[in-house]
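# Summary of structural features
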Amino acid sequence: MKHQYPYKTIPAFLLFVGLSYLFPMLGLQAQERDPCGFASEQGLGRKSEAQRWGYDFADMLANVQAWNLHPSVDAQLLGYSVQRRPLFHLQITNPASHIPKRRIWLHARTHPIESESSEVLRALIDELLSDSPLAERVLDHCVIDILPMVNPDGVVLRYPRENANGVDLESNWGSSTPEAEVNALRNRLRSLMQSDMPIEIALNLHSAYDCKRYFVYHAAEGSSILFTQLQQQFINAVRTAFPGGIEPYDYFVSWTGGTPDRYPESWFWRNYGESVMALTYEDMNCTAAGDFDRTARALLEGSLAYLGIDGPLDAHPMAAAQAPEIEGLFPQPAHVDGSFTLQLGGAAGGSSVHIALYDELGRMVRRIWEGRMTAETRSLQIPLSGLAAGSYHLVLHSPAGMQRRLLLIGG
């Protein structure tokens, strides 16, 4: 569906890049088995040539320029691919809303042949700009950050999985010398995580050849018990919004042997733990694919439910009764050789929580608590041995949401 947006000046770089990369070249490289279901060339034959690649780089350029005319959209240049194609970062929110905002990140098209990931993301953006009640709730309460196409070179070159250097970007996140696309993306994510409004949900959109819609679930062996509970809450909320459309949370279980070091979700987990619900979503990569608008709405509705935005917390099924609240941190500043006391309130309901300390770069430096809070654990004494003087952020994550407090440690 086409939308008529109020006029807004298009940045010159958008017009420039829109004219620069409109002639794709052909190429094909081998696949490997992974959650997307690439097992052999036989899988590629299930769709026509046009269906395999679908939404292309020129489509994305045209859409970015159209979306950027909407007053809720701010299109930014995040960086460039290996072959100097632009990586666009869209920030979508209601700038007139003064409600404290929550941040949701989505990116798509890491694997070029998974064009359905682009279709889901296009439907999601169109929903956000549609003035629907759902869009109004999301934009009033959230900032949605979107990278529409992670691997534009691969899309233009028609490489099923790789970028212009022949590297699978999905498996490049643990590299000390990452590809240009991954490096630009990691830098932007670090910046957002250091902001006053860090990312709470990060969705990595793909599509799979087994013709199912599902999330790649991380087992406790590679994450934590609390994170498995949070994943189940999120996935179940999305499934509730699309009855019968998305597989149960345990359809595809990963990380059973520990945390891998190469995926975007690994990067989020190793740096930010339970504070970011980072998941891969796999749409249907087959001729039966469709219902992209329903999928997009389900992802948005599930995110609102997970964040506790759909209604009062005490009425929301994702929120725990008497969710814990940070009442105080003292002394402030604490001494580097001493300890500090964390005082909690409202924890008698037995809520599952994760509490951790992060430095100014957004890196987790100490896990403080993981489990259920009771009346006996409302006051925690935390030693500071091993930490340098400086500013830290204490983050409490529970089914009711995330709370953050500044902790100062003096020398």
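Residues numbered from 1 in each chain as written. Predicted model: local features only at pLDDT ≥ 70, side-chain atom pairs only at ≥ 80, totals over all residues. Heavy atoms only, no water.

### Considerations on the state of the cysteines
Linking two cysteines covalently via their sulfur atoms produces the bond known as a disulfide. As a reminder, the rule being used: Cysteine sulfur pairs qualify as disulfides if the two atoms are within 2.5 Å. We count a stretch as a helix when DSSP gives it H or I for four or more residues in a row; a strand needs E for two or more, and each element gets its number in order from the N terminus. Each residue's exposure class comes from its accessible area (1.4 Å probe, protein chains only) as a fraction of the maximum for that residue type: buried when under 20%, exposed when over 50%, partly exposed otherwise.
Summed over the entire model, instances satisfying the criterion amount to one disulfide. The disulfide partner of Cys-211 is Cys-286, and the gap between their sulfur atoms is 1.9 Å. The chirality of the disulfide connecting Cys-211 with Cys-286 is right-handed, given an S-S dihedral of about 55°. Within this pair, whereas Cys-211 is found in the loop between β5 (199–208) and β6 (214–218), its partner Cys-286 is found in the loop between β8 (277–284) and α11 (292–307), the two being separated by 75 residues in sequence. Take Cys-286: its relative accessible area is 4%, and that puts it in the buried class.

### Some points on the sheet that holds strand β14 (residues 379–383)
Here is the rule we go by: One requirement defines pairing of two strands: DSSP has to find at least two bridges between them. In this description, a line fitted to the C-alpha atoms serves as the axis of each element, helices being fitted only across the stretch in contact, and the angle between N-to-C directions of two axes falls anywhere from 0 to 180 degrees.
Taken together, the three strands give an open sheet; going across it, the order is β9-β11-β14, and neighbouring strands pair in antiparallel fashion. Each having just a single partner strand, β9 (325–330) and β14 make up the two edges of the open sheet. Direction aside, the axes of adjacent strands within the sheet are offset by 25° on average. Here strand β11 (residues 339–345) pairs with β14 via five bridges, running antiparallel. By the bridge assignment for β14, Phe-340 is matched with Ile-382.

### Looking at the side chain of His-206
Selection criterion: Under this definition, polar contacts are N or O atom pairs within 3.5 Å; protein pairs additionally need one hydrogen-donor-capable and one acceptor-capable atom, and for neighbouring residues in sequence, both atoms have to be side-chain atoms. We call two residues in contact when some of their heavy atoms are within 4.5 Å.
By the element assignment, His-206 lies in strand β5. Since its relative accessible area comes to 2%, His-206 is described here as buried. Of the polar contacts made by the side chain of His-206, one reaches the side chain of Glu-170; its length is 3.1 Å. If sequence neighbours within four positions are ignored, His-206 has contacts with Cys-36, Thr-110, His-111, Glu-114, Ser-117, Glu-170, Thr-280, Tyr-281, Glu-282 and Asp-283.

### Description of the pattern of salt bridges
Just so we agree on the cut-off: A side-chain nitrogen of Lys or Arg and a carboxyl oxygen of Asp or Glu constitute a salt bridge if their distance falls within 4 Å.
Taken as a whole and judged by the stated rule, the model has eight salt bridges. Note that Asp-153 is salt-bridged to Arg-85, the shortest N-O span being 2.8 Å. In this pair, Asp-153 is assigned in helix α7 (residues 152–157) and Arg-85 in the loop between β1 (73–80) and β2 (86–92), connecting sequence segments 68 residues apart. One exposure class covers both Asp-153 and Arg-85, and it is buried. Where Asp-145 meets Arg-103, a salt bridge forms, and the shortest distance between an N and an O atom there is 2.6 Å. Here Asp-145, found in strand β4 (residues 142–147), pairs with Arg-103, found in strand β3 (residues 102–108); they are 42 residues apart in sequence, far enough to count as distant. By relative accessible area, which is 7% here, Arg-103 ends up buried.

### Some words on the packing of helix α8 (residues 180–193) against helix α10 (residues 264–272)
How we decide: Less than a right angle of anticlockwise turn of the near helix away from the far helix marks a crossing as left-handed, whereas a clockwise turn marks it as right-handed.
The interhelical angle for the contact between α8 and α10, taken along N-to-C directions, is 35°, at an axis separation of 12 Å. The way α8 lies across α10 gives a crossing that is right-handed. Contacts from Arg-186, Leu-189, Arg-190 and Met-193 in α8 reach Trp-267, Phe-268 and Tyr-272 in α10.

### Topic: the nonpolar core
Going by this rule: Each nonpolar core is a collection of buried residues, namely Ala, Val, Leu, Ile, Met, Phe, Trp, Tyr and Cys, held together in the definition by side-chain atoms within 4.5 Å.
Among the nonpolar cores identified, the biggest contains 57 residues, and Ile-92, Phe-215 and Phe-234 are the most heavily contacted of them. The biggest single contributor to this core is α11, with eight residues. In contact with Ile-92, not counting residues within four places along its chain, are Ser-72, Val-73, Ile-125, Leu-128, Leu-129, Leu-139, Cys-142, Val-143, Ile-144 and Ile-146. Among the nonpolar cores identified, the runner-up in size contains 24 residues, and Leu-78, Leu-185, Leu-192 and Val-395 belong to it.

### Focus: α11
Under the convention used in this document: Working rule for helices: expected span equals 1.5 Å times residues minus one.
Compared with an ideal rise of 1.5 Å per residue, which puts 16 residues at 22 Å, α11 spans 23 Å between its outermost C-alpha atoms and is within 8% of the ideal. Burial analysis of α11 places twelve of its 16 residues in the buried class, which makes it a mostly covered element. Following α11 by one or two positions, Gly-308 has its phi on the positive side, about 75°.

### Focus on the sheet that holds β2
Where strands meet in a sheet, backbone hydrogen bonds hold them as pairs that are either parallel or antiparallel. As summarised here, the arrangement of the eight strands in space is β1-β2-β4-β3-β5-β8-β6-β7, forming an open sheet in which the pairing is mixed. The open sheet is flanked by β1 and β7 (252–254), the only strands paired with a single partner. Within this sheet the neighbouring strands show an average axis-to-axis angle of 25°, counted without direction. For β6 and β8, the ladder comprises three bridges, and the chain directions are antiparallel. Residue pairing across strands places Phe-215 opposite Tyr-281, the latter belonging to β8. Relative to the sheet, α8 contacts β1, β2, β3, β4 and β5, its axis offset from that of β1 by approximately 130°. Helix-sheet contacts for helix α9 (residues 225–241) involve β5, β6 and β8, and the interaxial angle to β6 is about 170°.

### Points about the confidence of the model for the protein chain
Defined as follows: How sure the predictor is of each residue is captured by pLDDT, a score from 0 to 100.
Put simply, the protein chain has an average pLDDT of 82, and 80% of its residues get 70 or more. Scored below 50 in pLDDT, residues 1–7 shows twelve contacts in the model against residues more than four places distant or in partner chains. Across residues 39–45, where pLDDT falls below 50, the model places eleven contacts with residues more than four positions away in sequence or in other chains.

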